[in-house]
Amino acid sequence: MEWQHKDLLDITQLSKEEVWHVFETATYFQEINSRPVKKVPTLKGHSVVLFFAEPSTRTKTSFDMAGKRLSCDTFSLAKSSSSLTKGETLKDTALTLQAMAPDGIVIRHWASGAAQFLAERLDCSIINAGDGRHAHPTQALLDGFTLYQEWGSLEGKTVLILGDIAHSRVARSNVILLTMMGAKVRLCGPRTLLPPYLKNWPVTVYTDVNEASKGVDAIMCLRLQLERQQAGLLPDIREYSKYFGLGYRQLELASPDVKVMHPGPMNRGVEINSEIADSAASLVLDQVSSGVATRMALLYLYLTSKKK
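Residues numbered from 1 in each chain as written. Predicted model: local features only at pLDDT ≥ 70, side-chain atom pairs only at ≥ 80, totals over all residues. Heavy atoms only, no water.

Trainee: Where do I start with the overall build of the chain in this structure?
Mentor: Counting secondary structure elements, the chain contains 11 helices and nine strands. Here the C-alpha atoms of the chain give a radius of gyration of 19 Å, agreeing with the 19 Å that 2.2 N^0.38 yields for 308 residues. For the chain, the C-alpha atoms occupy an extent of roughly 55 × 45 × 35 Å along the three principal directions. Summed over its atoms, the accessible surface of the chain is roughly 13500 Å², and 50% of this surface lies on carbon and sulfur atoms. When the 35 basic and 32 acidic side-chain charges of the chain are each reduced to a single mean position, those positions are 3 Å apart. (Helix = DSSP H or I, 4+ residues; strand = E, 2+ residues; numbered from the N terminus. Rg over C-alpha atoms; globule rule 2.2 N^0.38 Å. Areas by Shrake-Rupley, 256 points an atom, 1.4 Å probe, with all protein chains shown as cover. Lys, Arg positive; Asp, Glu negative; His and termini not counted. Charge placed at Lys NZ, Arg CZ, Asp CG, Glu CD.)

Trainee: Can you walk me through the pattern of salt bridges in this structure?
Mentor: Two side chains bearing opposite charge may form a pair once their charged atoms approach each other closely. Counting across every chain of the model gives 10 salt bridges. The partner of Lys16 in a salt bridge is Glu155, with the nearest N and O atoms 3.6 Å apart. On the criterion of sequence distance, the pair formed by Lys16 in helix 1 (residues 16–32) and Glu155 in the loop between helix 5 (137–151) and strand 5 (158–162) is long-range, its members being 139 residues apart. With relative accessibility at 29%, the residue Lys16 sits in the partly exposed group. (Salt bridge = Lys/Arg side-chain N within 4 Å of Asp/Glu carboxyl O. Buried < 20%, exposed > 50% of the residue type's maximum accessible area, 1.4 Å probe, protein only.)

Trainee: Can you help me understand the sheet that holds strand 5 in this one?
Mentor: Two orientations exist for strands paired in a sheet by backbone hydrogen bonds: parallel and antiparallel. If you walk across this open sheet you meet the five strands as 7-6-5-8-9, and the pairing is parallel. Whereas interior strands pair on both sides, the edge strands pair on one side only; in this sheet they are strand 7 (204–206) and strand 9 (259–261). Mean inter-strand twist for the sheet, computed between neighbouring axes without regard to direction, equals 20°. By the bridge criterion, four bridges tie strand 5 to strand 8 (residues 218–221) in an arrangement that is parallel. Bridged to Val159 within strand 8 is Ala218. Strand contacts of helix 5: strand 5, strand 8 and strand 9, with the helix running at about 165° to strand 9, the strand carrying the most contacts. (Pairing = 2+ DSSP bridges. Axes fitted to C-alpha atoms, helices over the stretch in contact; angles between N-to-C directions. Contact = heavy atoms within 4.5 Å.)

Trainee: For this particular structure, what's the right way to read the sheet that holds strand 2 (residues 73–78)?
Mentor: Strand order in this open sheet of four strands is 2-1-3-4, and the pairing throughout is parallel. What marks the edges here is a single partner per strand, and that holds for strand 2 and strand 4 (125–131). In this sheet, adjacent strand axes meet at a mean angle of 15° when their direction is disregarded. Across the sheet, helix 3 (residues 90–99) lies against strand 1 (47–52), strand 2 and strand 3 (104–109), angled at about 160° from strand 1, the strand it touches most.

Trainee: What is the right way to look at the environment of Ser34 in this model?
Mentor: With respect to the helices and strands, Ser34 occurs in the loop between helix 1 and strand 1. Residue classification places Ser34 among the exposed residues on the basis of a relative accessible area of 56%. Looking at Ser34, its side chain comes within polar contact range of the main-chain oxygen of Glu31, at 2.6 Å. (Polar contact = N/O pair within 3.5 Å; in protein donor to acceptor, adjacent residues only side chain to side chain.)

Trainee: I would appreciate a short explanation of the layout of surface pockets in the present structure.
Mentor: With a probe scaled to a water molecule rolled over the atoms, the places where space remains empty come into view. Volume-wise, the largest pocket comes out at about 470 Å³. Considering the residues around the largest pocket, the lining is formed by 20 residues, among which Arg108, Arg169, Arg223, Gly264 and Pro265 are closest to the centre. Residue assignment for the lining of the largest pocket shows that the elements contributing at least two residues are helix 2 (58–69) and helix 6 (169–180). Considered class by class, the residues forming the lining of the largest pocket number five nonpolar, eight polar and seven charged. By volume, the second largest pocket is sized at about 170 Å³. The wall of the second largest pocket is formed by 14 residues, among which Arg58, Ser62, Gln287, Val288 and Arg295 lie closest to the centre. (1 Å grid on protein atoms, 1.4 Å probe; cavity = no way out; pocket = protein on both sides within 12 Å on 5 of 7 lines; lining within 4 Å. Points joined across faces, edges and corners; volume = space filled by probe spheres on them. Nonpolar A, V, L, I, M, F, W, Y, C, P; charged D, E, K, R; others polar.)

Trainee: Would you mind showing me how to read the nonpolar core here?
Mentor: Across soluble globular proteins, nonpolar side chains show a tendency to be buried alongside one another. The biggest cluster of nonpolar side chains holds 57 residues, and the ones touching the most others in it are Val106, Leu141, Ile161, Leu187 and Leu299. The element contributing the most residues to this core is helix 11 (residues 284–303), with nine residues. Dropping the residues within four chain positions of it, Leu299 is found in contact with Leu43, Val48, Phe63, Ala66, Gly67, Leu70, Val106, Ile127 and Thr304. Leu160, Ile219, Leu224 and Ala277 belong to the second-largest nonpolar core, a separate cluster that totals 22 residues. (Core = buried A, V, L, I, M, F, W, Y, C linked by side-chain atoms within 4.5 Å.)

Trainee: Got a minute to help me understand the pairing of strand 8 in this structure?
Mentor: Regular strands show a simple pattern: their side chains alternate between the two faces of the sheet. Side chains of strand 8 alternate between two faces, with Ala218 and Met220 and Ile219 and Cys221 buried alike. By the bridge criterion, three bridges tie strand 8 to strand 9 in an arrangement that is parallel. Within strand 9, the position partnered with Ile219 by the bridge is Val260.

Trainee: Where do I start with the environment of Val260 in this structure?
Mentor: Within the element layout of this structure, Val260 appears in strand 9. Judged by its relative accessible area of 0%, Val260 falls in the buried class. As for Val260 and Ala218, which are separated by 42 residues in sequence, their C-alpha atoms are 5.7 Å apart.

Trainee: In this structure, what is going on with the packing of helix 5 against helix 11? I would like to understand it.
Mentor: Geometry of a packed helix pair, given as the angle between the helix axes and the separation of the axes. One way to put it is that helix 5 packs onto helix 11 with a least axis distance of 8 Å and a crossing angle of 115°. You can see that helix 5 and helix 11 cross each other, and the crossing is right-handed. In this structure, helix 5 uses Thr138, Gln139, Leu141, Leu142, Asp143, Phe145, Thr146 and Gln149 to contact helix 11, whose residues at the interface are Asp286, Gln287, Ser290, Gly291, Ala293, Thr294, Arg295 and Leu298. A per-class count over the contact of helix 5 with helix 11 returns five nonpolar, eight polar and three charged. (Left-handed = near helix turned anticlockwise from the far one by under 90°.)

Right, dumping it as structure tokens:
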């Protein structure tokens, strides 16, 4: 398949066939990651700027490792070390970076729409690594790829996304991708942490975690994003953990082979029982591994795209 996209801003840009192509490409790169020497010259001579205006461990390191394993030069830029701290606008920072002629910019930013803002102004490929509450397409792709490797197909599977839905760009992107690939999606969380426009989403909504867990094939816990919340949305963290934290009761109600996921970072004992996070049902570390392969696939597809 000849890749027809310059930028990755949201899952809505991709067709089902294109998502499968990402999975197939990631499968090839996953094999490379299992070799004794985990490096190929595929993107030798290419360069990518990792522009992270928000903190990140998994995503930033994953993209950095993905680039280096493809022999791509990667350059990291954080808000604290950029001229944004001196009052420079995002536009001027981006134009400065473009003047250095990178082949792509991976951006994480606190403002929804930041990735699209750059994509409309810059010639190089823009990959959205999370913008505000809007979207996190690479996380959804790696989550889907993780389940694809586990099941072979997502068709007919039921996935529960549990927790802080209102503030989660991961939830939004996963709902789009999972339903596109044939899965049924359930959302569950406190009413104060559910967005007001869920009637437009192709999901079933619950506020009782036990009811939501019945018969599901996978449960994806979300981090409680206290830094994005206004005061008063939760009476108490302990109460949240008691009524919406993932425990053994929910696993008993789910499918016998239920899989547990978490995009990280995990707050053990809050949104997920610590023993469950480390259990055989957990795919948390598989998600990390899948993240490198998926982002290798994305860097390859977008940096070599004919649409650039």
